[in-house]
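The residues making up each chain are set out below.
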Amino acid sequence: MRTLSLDLRERILVSYDNQEGTREEVAVRYRVSLGMVKKLLQQRRRTGDIGSRHHCAGRKPTILPSHQRQMRTLLGRKPDLTLKELRTAVALDCTLPAIHYVLKKLGLTYKKRHSGPANKIARTSCGRGGAGVGAKAASTLPD
């Protein structure tokens with residue numbers, strides 16, 4: 001179903017306002033449903049606007065800007081919070097991936113990075129390590 005043009009919406013309302021017929025007759029005249037005429041009159045009465053409202057449709061976000069500010073503050077104080085801890089701290093009722101996507105959009109991380117060396121000044125190890133668990137024991141007998 002296509003959206004009615006603004007011009008058609010205006011013509012429907014002008015016809016109804018000029019009492020050129022009942023709502024049913026106006027609907028038949030402009031080849032729209034009676035429900036559309038009723039909805040258009042209600043929308044004009046409620047909002048004063050007769051334009052399309054498709055941009056208002058859809059699921060509303062669970063994580064609001066106030067929650068995002070709260071997350072930013074919490075992660076600033078304690079950057080190693082897990083998603084679960086963050087969800088509890090902000091008192092959100094949403095999935096963990098939802099929090100992940102919001103943090104990604106904000107450019108924030110929610111856990112420590114383990115890829116860098118622990119000490120950025122010096123190397124973390126002084127050389128090759130010794131034999132591991134599966135290595136043969138060195139012989140104690142002289143050659």
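Computed from a predicted structure; not experimentally measured.

S.K.: When you look at the overall build of the protein chain in this model, what are you seeing that I'm missing?
M.R.: Along the backbone of the protein chain there are six helices and zero strands. When the elements of the protein chain are put in sequence order from the N terminus, they spell out α-α-α-α-α-α. Taking all contacts inside the protein chain whose residues are at least 6 apart in sequence as the whole, residues at least 24 apart take part in 48%. Accessible area for the protein chain stands at about 11800 Å²; split by element, carbon and sulfur atoms hold 53% of it.

S.K.: How should the packing of helix α4 (residues 65-77) against helix α6 (residues 96-106) be read in this particular structure?
M.R.: Helix packing geometry: the angle between the two helix axes and the distance between the axes. The N-to-C vectors of α4 and α6 enclose an angle of 80 degrees; their axes lie 11 Å apart at closest approach. With respect to α6, the element α4 is oriented roughly perpendicular. Within the contact between the two elements, α4 uses Gln68, Met71, Arg72 and Leu75 and α6 uses Ile99, Val102, Leu103, Lys105 and Leu106. Looking at the contact of α4 with α6, its residues break down into six nonpolar, one polar and two charged.

S.K.: Is there a simple way to explain helix α1 (residues 6-17) in this structure?
M.R.: In an α-helix, one turn spans 3.6 residues, which is why side chains three or four residues apart end up on the same side. Taking 1.5 Å as the rise per residue, α1 with twelve residues should run 16 Å; its terminal C-alpha atoms sit 16 Å apart, in good agreement. Of the surrounding elements, those touching the buried residues of α1 are α2 (23-29) and α3 (34-47). A positive phi of about 55 degrees marks glutamine 19, the residue just after α1.

S.K.: Any chance you could explain the pattern of salt bridges here in plain terms?
M.R.: A side chain of one charge can pair with a side chain of the opposite charge when the charged atoms of the two come close. Considering all chains together, one arrives at three salt bridges under this definition. In this structure, arginine 44 and aspartate 17 form a salt bridge, with 2.7 Å as the shortest nitrogen-oxygen distance. With arginine 44 in helix α3 and aspartate 17 in helix α1, this pair connects stretches of sequence that are 27 residues apart. The exposure class of aspartate 17 is partly exposed, given its relative accessible area of 43%.

S.K.: Help me understand α4 in this model?
M.R.: For α4, built from 13 residues, the straight-helix expectation of 18 Å at 1.5 Å per residue is met to within 8% by its first-to-last C-alpha distance of 19 Å. Buried within α4 we find His67, Gln68, Met71, Leu74 and Leu75. Seen from one end, α4 has its buried residues packed into an arc of 125 degrees, which puts them on one side. Along α4, exposed side chains directed more than 90 degrees from the buried face belong to Pro65, Arg69, Gly76 and Arg77.

About the criteria used
Residues numbered from 1 in each chain as written. Predicted model: local features only at pLDDT ≥ 70, side-chain atom pairs only at ≥ 80, totals over all residues. Heavy atoms only, no water. Helix = DSSP H or I, 4+ residues; strand = E, 2+ residues; numbered from the N terminus. Contact = heavy atoms within 4.5 Å. Areas by Shrake-Rupley, 256 points an atom, 1.4 Å probe, with all protein chains shown as cover. Axes fitted to C-alpha atoms, helices over the stretch in contact; angles between N-to-C directions. Parallel < 35°, antiparallel > 145°, perpendicular 65-115°, else oblique. Nonpolar A, V, L, I, M, F, W, Y, C, P; charged D, E, K, R; others polar. Expected span 1.5 Å × (residues − 1). Salt bridge = Lys/Arg side-chain N within 4 Å of Asp/Glu carboxyl O. Buried < 20%, exposed > 50% of the residue type's maximum accessible area, 1.4 Å probe, protein only. Arc of directions from axis to C-beta.

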